[in-house]
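# Coordinate inspection notes
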Amino acid sequence: MANVRLKNITKRFGSVTAVNNVCLDIPHGKVTALLGPSGCGKTTILLMLAGIYKPTEGEIYFDDLQVNGIPPQLRNVGLVFQSYALYPHMTAFENIAFPLKLKKLPKAEIQKRVEEIAEVVQIGDLLDRKPGQMSGGQQQRVALCRALVKKPDLLLLDEPLSNLDARLRLETRAEIKRIQQELGITTILVTHDQVEAVTMADQVAVLKAGVLQQYGTPKELLEQPANLFVASFLGDPPMNLLQGELEYQEGRCYFRSGRSLRLPVPPLAAKGLQKSPGQKLILGIRPEHLTITWERGRAPWRGKVFLVEFLGRDKLLDFRFGDQSLRVLVPATFPVERGEVLGIEPQVEHLHIFDPQTGLALTGPPEGLRACSDHEPA
Amino acid sequence: MRRTLVKKLIIHLVLLTLGAAMVLPFLWMVSTSLKGYHEVFRYPPRWIPDEPQWRNYLEVWKLAPFGRFYVNSTIVAVITTAGQVLTGVLAAYAFARMEFAGRDQIFMLFLATLMVPTQVTLIPTYIVMSRMGWIDSYKSLIVPFLATAFSVFLLRQFFLTIPKELEEASIMDGCSKLRFIFAVIMPLSKPAISSVALFGFLGSWNSYLWPLIVINSNQMRTLPIGLRYFVSQQGGGSEWHYLMAASLIVMLPVLIVFFLAQKQFIEGIAKSGIKG
Ligand SMILES: Nc1ncnc2c1ncn2[C@@H]1O[C@H](COP(=O)(O)OP(=O)(O)O)[C@@H](O)[C@H]1O
Ligand SMILES: [Mg+2]
């Protein structure tokens, strides 16, 4: 074990549908992130995998075994809670040893296994402390040990970095990744932070209001967002989204937004669009996929710099077209002043076009959509 | 700096005065218990007896079957306290954490019993005891008090503050509900449990009216009733020095329990103060 499979999982609490018909195939030995804003049902999915909640509808498979009716302690799953949920009256050692003690393992064996896992997670010097005497990061490591000491087939992490300060977050991110790779354990990680998901996970499932939006590798999600939500939720700084409509002139396709913005849509991006003039569209392009050109005359787009924002290594230029803004990422060393008029060149292959009604991407079907595979378990 | 010093001084003066007001009657008790029969009524009264009558404490044991009363009171109070804690913890857990139909209604009903004065239930309870044939036995002193709405209420409120994740974590660790209650909930609820135990113990130890009603034989009496031995039946002069000595003997365990529990309380508060 464990390839984990969620098949049409729905969970309702009274009238609230926390998770709505979610299908996911989670591959063995990889890190999978459940990403979405707060309240979108991530924790609920995690607790269903752990067996603490029962799905209202649908089935969960661990490999070919349907586990809906299997109680948590028999699923061999390790769970690290967002709040860590360490037993406050027990030392770190006792906390980690607790699951083994309940399994009635011999004392020496318990001692050995706790020390082993404490070694991997590097908390050997904390074993005598109680949770109240440890920092958030240390408590989290202890919680991780408690989850891992059972040698679970599946590790579930609920918002592992959310209670840590920024510096510790970077460190812990690398640390969790290291431990995961060292143990080769299938890991599912819940987060509302897209940077976390993208940096830590091999594949990411994006959720919104209990509905799966897209499932794919971080690269797929960034390069081929299936809809507006995914496009705007992932990426930092966020994707530019311009509202407008299509216009055809002399056989060429233009994207017009208000009176001041008319952008030629490169043929490549226009491919696959219904050629209906006046069709309302949303055009998306990431700030890093726009380049500034000095040859204003030949640049397809042109604008006046409205705001310059320093982001450390980069600079974010904000152009305004009517009430819409377009942000462009340039190196921090790029010489530019407020009010300058510059030419902007979009990287054609990175243009995204969305239907404003459905929010769905109209440019090329993303290959990432493989959430629900059709095959039945053998 | 200066002002905080003055402030501290005032606070301590007030505390000392109030403390003295509390302690004086007790000290008077100690003083009286060490006086002779005639010295008790001497005017003007004196704090220090001429010659401390330590033997008063021995006399008391001879004048009444105090040893037996002590055993009775201890058995009743200990079992009642243990029962109240056990039933309280289990019921409170159910009301705080388990989901079942009518849970909150049942709990309200439970609470409502707090509003019924004891006098109202005295006679019905007596009838129940008598039908069971339990009059004049430990059972009648213990069983009616094994569960109280107060302890259930207090513990439930405390359990509600224990995060639900702890229980979910224990489920992941393979812990049964009962095991979770004993291994996690109870150690975490020490302050609440020690208050419940303290109230239970004091209530049982000091109980007067109920034992007076259900106990007839000398053998089964508890300490508070035993004290009546030293109150003159004819309404003449009570033997105050014996009464005070006996009362002090009765109070001793309460004082000890209180000092022990006090340490528990402070520990509990200090622990929740540095919670992580
Ligand atoms: N035990 C519960 N009872 C009722 N509603 C719940 C419960 N758990 C979660 N919900 C609801 O389900 C939705 C999803 O919650 P959750 O899975 O915790 O979101 P997330 O972890 O993504 O922030 C929320 O609207 C939340 O209010
Ligand atoms: Mg959550």
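Residues numbered from 1 in each chain as written. Chains lettered and ligands numbered in written order. Predicted model: local features only at pLDDT ≥ 70, side-chain atom pairs only at ≥ 80, totals over all residues. Heavy atoms only, no water.

All names here are of chain A. Around ligand 1 sit Phe13, Ala18, Ser38, Gly39, Cys40, Gly41, Lys42, Thr43, Thr44 and Tyr53, and those are all the residues in its vicinity. At 2.9 Å from an oxygen atom of ligand 1 is found a main-chain nitrogen or oxygen belonging to lysine 42. When residues in the shell around ligand 1 are grouped by element, the largest group, 3 residues, is from helix H1 (residues 42-50). The residue makeup of the shell around ligand 1, split by class, is 4 nonpolar, 5 polar and 1 charged. (Near = heavy atom within 4 Å. Polar contact = N/O pair within 3.5 Å; in protein donor to acceptor, adjacent residues only side chain to side chain. Helix = DSSP H or I, 4+ residues; strand = E, 2+ residues; numbered from the N terminus. Nonpolar A, V, L, I, M, F, W, Y, C, P; charged D, E, K, R; others polar.)

With 18 residues of chain B at the contact, the number on the chain A side is 24 residues. Summing both sides of the interface, chain B and chain A together bury roughly 1,800 Å²; the carbon and sulfur share of this comes to 68%. Among the residues chain B hides against chain A, the three largest losses belong to Glu168(B), Met172(B) and Asp173(B). Together they make up 37% of the total. At the junction of chain B with chain A, the criterion picks out 0 salt bridges. Taken together, the links from chain B to chain A amount to 4 residue pairs in polar contact (both at pLDDT 80 or more). Elements that contribute at least two residues to the side of chain B that touches chain A include exactly helix H8 (164-172) and helix H9 (177-188) of chain B. Here the side of chain B that touches chain A gets 8 residues from one element, more than from any other, and that element is H8(B). Of the residues contributing to the side of chain B that touches chain A, the split by class is 10 nonpolar, 3 polar and 5 charged. (Contact = heavy atoms within 4.5 Å. Buried area = accessible area lost by both parts, 1.4 Å probe. Salt bridge = Lys/Arg side-chain N within 4 Å of Asp/Glu carboxyl O.)

This part is about the domain arrangement of chain A. Residue and element names in this part refer to chain A. What the domain assignment lists for chain A is domain 1 (3-227) and domain 2 (233-360). The distance between the C-alpha centroids of domain 1 and domain 2 comes to 39 Å. On the domain 2 side, the residues contacting the 14 residues of domain 1 number 10 residues. Among the residues domain 1 hides against domain 2, the three largest losses belong to Gln194, Leu222 and Asn227. Together they make up 44% of the total. Here domain 1 and domain 2 share 0 salt bridges between them. Across the domain 1-domain 2 interface, the total number found is 2 residue pairs in polar contact (both at pLDDT 80 or more). Elements that contribute at least two residues to the side of domain 1 that touches domain 2 include exactly helix H6 (194-200) and helix H7 (218-223). Counting residues per element, the side of domain 1 that touches domain 2 draws most heavily on H7, which supplies 3 residues. (Domains from an automatic or database assignment.)

This part takes up the packing of aromatic side chains. Residue and element names in this part refer to chain B. Enumeration according to the criterion identifies 14 aromatic pairs over all chains in this entry. Look at phenylalanine 145 and tryptophan 210: their rings are 6.2 Å apart centre to centre, the planes differ by 80°, and that puts the pair in the edge-to-face class. Pair noted here: phenylalanine 145 is in the loop between helix H6 (138-142) and helix H7 (149-160) and tryptophan 210 is in helix H11 (residues 209-214), with a separation of 65 residues, a long-range link. A relative accessible area of 31% means that phenylalanine 145 is categorised as partly exposed. Arranged with centres 5.5 Å apart and planes meeting at 15°, the rings of phenylalanine 201 and tryptophan 205 form a pair that is stacked. With phenylalanine 201 and tryptophan 205 both in helix H10 (residues 190-206) and 4 residues apart, the pair spans about one turn of that helix. Both residues of the pair, phenylalanine 201 and tryptophan 205, count as buried. The structure contains a cluster of three or more aromatic residues connected by ring pairs, namely Trp61, Phe66, Phe69, Tyr70, Phe201 and Trp205. (Phe/Tyr/Trp six-rings, centres within 6.5 Å; stacked < 30°, edge-to-face > 60°. Buried < 20%, exposed > 50% of the residue type's maximum accessible area, 1.4 Å probe, protein only.)

The next thing to look at is the pattern of salt bridges. One pass over the structure, following the stated rule, counts 18 salt bridges over all chains. Between Glu247(A) and Arg256(A) there is a salt bridge whose closest N-O contact spans 2.6 Å. Where Arg55(B) meets Glu59(B), a salt bridge forms, and the shortest distance between an N and an O atom there is 3.6 Å. On the criterion of helical spacing, the pair formed by Arg55(B) and Glu59(B) is a turn pair, its members being 4 residues apart in helix H2 (residues 55-63). Classification of Arg55(B) by relative accessible area gives partly exposed; the value is 46%. Within this structure, Arg141(A), Glu175(A), Arg178(A) and Glu182(A) form a network of salt bridges that share partners.

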